[in-house]
Structure formats: C-alpha cells, structure tokens
Amino acid sequence: MRRSPIISEPRTPSHGHHDAHGEMVTQAFYAELACPDCAEAVERALRATPHVAGVHVDYPAKTVHVTYHAGMIGAETLARLIADSAHDCRCTADGGRVV
C-alpha cells in the first residue's frame, strides 16, 4: 500500500501571519529520500518555489516541513514537487550516483 505524501494537516504558526498572499501555514510531508543528495534536491526545489517561505528537510525521518502561503499554493502541488525533485536526484537506493 502506498503511503500518503501529506502527513499532517496545515497548521498556522502561533503568530497567525496573514498578508496579501493569504494565510501562512506549516505542513509536514513524507518524502522518498534515498540519499542526502535527494534531500538537498528537494530543499533546493522548494526554496526556489514562489510562495514557499520556509523549508526543513529531515533526511533520517524522510519528512519535509514546508511553510507556505496557503492561498497561493496547495499541499498537493507541494507533495508533487517534493516527489518529483527527490526522483530527479538520479541516485541508486544504496546511495551511489547514476552516471
């Protein structure tokens, strides 16, 4: 059975930040991270994404915490971006690089 990439509901930071882009929320996602390079690829892709304000990738736990403007980008889009950028790493499961 395939695991859902979204592992938490969005939560609003305690300061309740709102701006022209909507409410800022933080959400956790599961990520298939086969190596540290996968984790770096995911972090780079998310940091380059408009409306993403913060990223924390936990490689050992295979989770990604993203703070984003909920009115401008959705959890499904972020989950797809996480999956695509991890798979674009082109590593092998044992951590070796594919040439």
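Criteria and cut-off values
- Residues numbered from 1 in each chain as written.
- Predicted model: local features only at pLDDT ≥ 70, side-chain atom pairs only at ≥ 80, totals over all residues.
- Heavy atoms only, no water.
- Helix = DSSP H or I, 4+ residues; strand = E, 2+ residues; numbered from the N terminus.
- Expected span 1.5 Å × (residues − 1).
- Buried < 20%, exposed > 50% of the residue type's maximum accessible area, 1.4 Å probe, protein only.
- Arc of directions from axis to C-beta.
- Contact = heavy atoms within 4.5 Å.
- Salt bridge = Lys/Arg side-chain N within 4 Å of Asp/Glu carboxyl O.

Asks: What exactly am I supposed to notice about helix H1 (residues 36–47) here?
Replies: Side chains three or four residues apart in an α-helix point the same way, a direct result of the helix having 3.6 residues per turn. A rise of 1.5 Å per residue sets the reference length of H1, with its 12 residues, at 16 Å; its end C-alpha atoms lie 17 Å apart and thus fit the reference within 8%. Those residues of H1 that sit buried are Cys38, Ala39, Ala41, Val42 and Leu46. Mapping the buried residues of H1 onto a view down its axis gives an arc of 160 degrees, with all of them on the same face. Check the buried side of H1 and you find it contacts strand E3 (52–58), strand E4 (63–69) and helix H2 (75–87).

Asks: Explain the pattern of salt bridges to me, please; I cannot follow it from the model alone.
Replies: Pairs may arise between side chains of opposite charge once their charged atoms sit close together. For the coordinates displayed, the defined rule picks out 1 salt bridge. The salt bridge partner of Arg47 is Glu43, with a shortest N-O separation of 3.0 Å. Of this pair, Arg47 and Glu43 both sit in helix H1, 4 residues apart, which is roughly one turn of the helix. Using a relative accessible area of 49% as the deciding quantity, one classes Arg47 as partly exposed. Glu43 gets classed as partly exposed once you look at its relative accessible area, which sits at 28%.

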